[in-house]
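Chain by chain, the residues:
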Number of protein chains: 4
Amino acid sequence: MRVRYAETDQMGVVYYANYIVWMEVGRVELFRSLGFNYSDMERDDGVLFAVLEVHCRYRFPARYDEEVLIKTWVKSANTRTVSFAYAMSPAGTGRLLAEGETRHIFLGRDMRPTRLPKKYHAAFGLTDGE
Amino acid sequence: MRVRYAETDQMGVVYYANYIVWMEVGRVELFRSLGFNYSDMERDDGVLFAVLEVHCRYRFPARYDEEVLIKTWVKSANTRTVSFAYAMSPAGTGRLLAEGETRHIFLGRDMRPTRLPKKYHAAFGLTDGE
Amino acid sequence: MRVRYAETDQMGVVYYANYIVWMEVGRVELFRSLGFNYSDMERDDGVLFAVLEVHCRYRFPARYDEEVLIKTWVKSANTRTVSFAYAMSPAGTGRLLAEGETRHIFLGRDMRPTRLPKKYHAAFGLTDGE
Amino acid sequence: MRVRYAETDQMGVVYYANYIVWMEVGRVELFRSLGFNYSDMERDDGVLFAVLEVHCRYRFPARYDEEVLIKTWVKSANTRTVSFAYAMSPAGTGRLLAEGETRHIFLGRDMRPTRLPKKYHAAFGLTDGE
């Protein structure tokens, strides 16, 4: 992902809320790599991932036009909630720009808590016993 | 409306797409001053104002923490479309930061063109003959 | 502060990163109520508040056109860093939409850590002994 | 470029100001394909492209997670100003989502109008006679 001019602020670096947007980009690409698509999940299964909590620690400012790699993984999951972790670095370096977590609850179309449909269990590392 | 840090870019001034967001803020406040609320209109009457066109001319850059006044008015309207004009100035000055227009078409809940409900005609300067 | 259309997402509620932008709005207004202006501080004293950490817990989704009150206060401060806390509610209610904290370090124009200038100590509750 | 959740609004489609942000993404990639980098130009040559005017016509709404192709080209240029044109389509289709133009003036570090440095003339189709 390449930093957009729109994402900088007058300090000359990326505005702090944009890292939170990037976490979403990382999440969506993680879903894609797990073999499904958040968009279809929302439309076909009526399952929304509502955010309960976000936490971000800023290590080093990202700059305009820099290529940023967002590493995203499932930190923990059960049939009701899931937590993702994120590490953002300039492409080709091990240097950390920011790292963080988000915690989500599954909601149905009625905006009430629901369980993650079975077909997604494996993708989130849930075994049948859970 | 006060300029947010988030709205600046590394040039030290407001990022150009944010003026387009401000036009929306001006529109909503115009609606409120005309005695209705876009939010209710969307929910109760199922009428959406879909944007067809936007045009903005930038005169002078707005800066962080500046108080900006957005003057908004109906430029022309019929039962199918409406155009708004905007003039943005620092509060208490006549100096122009930016000016522009947007043109909108009325859509129903099915996302197809519709006519503006009669109860809103007067607010948009439409007389019964139209 | 009134919720902008731009701030909603296709879930029909405010996009989660925008609460982080609102924290900044709250911070700036807190500064103003403490008798100074972040903008002047940045320009005249060359002091930047760089964000080290942000944490937000989401309780209830904010909706388009809702008036939101952002209560902001200094949680703790020393001459090197400051933490702010935030509580966001719909105006006129005690209901919580979201709450959170941010932690900041003071940077000079050279982007290196610096101490908060003495003239701001009182505003942040710092006594001379610190 | 893939549409982000952050870029949608409660109409379920991309918020109209985001197409203006995408134009910037198209511009930057055009610069890169012309053999230079806007970031270096700003830093090394002190040349800024300040926006004078933006115009966008919306044809069809873009949706979340859609892959969007931004075709960008120089519409006209002289040593003082440049205009770019844009056409945005879903990847793999000829269907138009939006099209538009931006007009820019070259500014120096002092924020006053300047001429485009000679080394960039060829990239913008300027011949020595101009």
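Notes on the structure follow. (Residues numbered from 1 in each chain as written. Chains lettered and ligands numbered in written order. Predicted model: local features only at pLDDT ≥ 70, side-chain atom pairs only at ≥ 80, totals over all residues. Heavy atoms only, no water.)

This part is about the relation of the copies chain A and chain C. By a simple turn and slide, chain A fits onto chain C: the slide is 0.0 Å along the axis, the RMSD is 0.0 Å, and the turn is 180 degrees. On this basis, the relationship between the two copies can be described by a two-fold rotation axis. Minimal C-alpha distance to the rotation axis in chain A is attained by His 55 of chain A, lying at 2.2 Å. Of all interface residues in chain A, 100% are interface residues in chain C too; the two copies therefore contact each other through one and the same surface. (Least-squares fit on C-alpha atoms with pLDDT ≥ 70 in both. Contact = heavy atoms within 4.5 Å.)

Another point: the interface of chain C and chain B. With 19 residues of chain C at the contact, the number on the chain B side is 19 residues. Regarding the contact of chain C and chain B, the summed buried area is about 1600 Å², with carbon and sulfur atoms giving 43% of it. In terms of surface lost to chain B, no three residues of chain C exceed Arg 4, Tyr 5 and Tyr 64 of chain C, which account for 37% of the buried area on that side. Run the count over chain C and chain B and you get 6 salt bridges. Counting the contacts that link chain C with chain B gives 12 residue pairs in polar contact (both at pLDDT 80 or more). If you tally residues by element for the side of chain C that touches chain B, the top one is helix H1 (residues 18–33) of chain C, at 7 residues. By residue class, the composition of the side of chain C that touches chain B is 9 nonpolar, 2 polar and 8 charged. (Buried area = accessible area lost by both parts, 1.4 Å probe. Salt bridge = Lys/Arg side-chain N within 4 Å of Asp/Glu carboxyl O. Polar contact = N/O pair within 3.5 Å; in protein donor to acceptor, adjacent residues only side chain to side chain. Helix = DSSP H or I, 4+ residues; strand = E, 2+ residues; numbered from the N terminus. Nonpolar A, V, L, I, M, F, W, Y, C, P; charged D, E, K, R; others polar.)

Residues and elements named next belong to chain A. Position of Val 14 relative to the elements: it lies in the segment before helix H1 (18–33). Overall, Val 14 belongs to the buried group, its relative accessible area being 5%. Taking the C-alpha atoms as reference points, Val 14 and Ala 62, separated by 48 residues in sequence, lie 5.6 Å from one another. Sequence-distant contacts of Val 14, defined by excluding residues within four places in its chain, comprise Val 3, Glu 7, Thr 8, Tyr 19, Trp 22, Ala 62 and Arg 63. (Buried < 20%, exposed > 50% of the residue type's maximum accessible area, 1.4 Å probe, protein only.)

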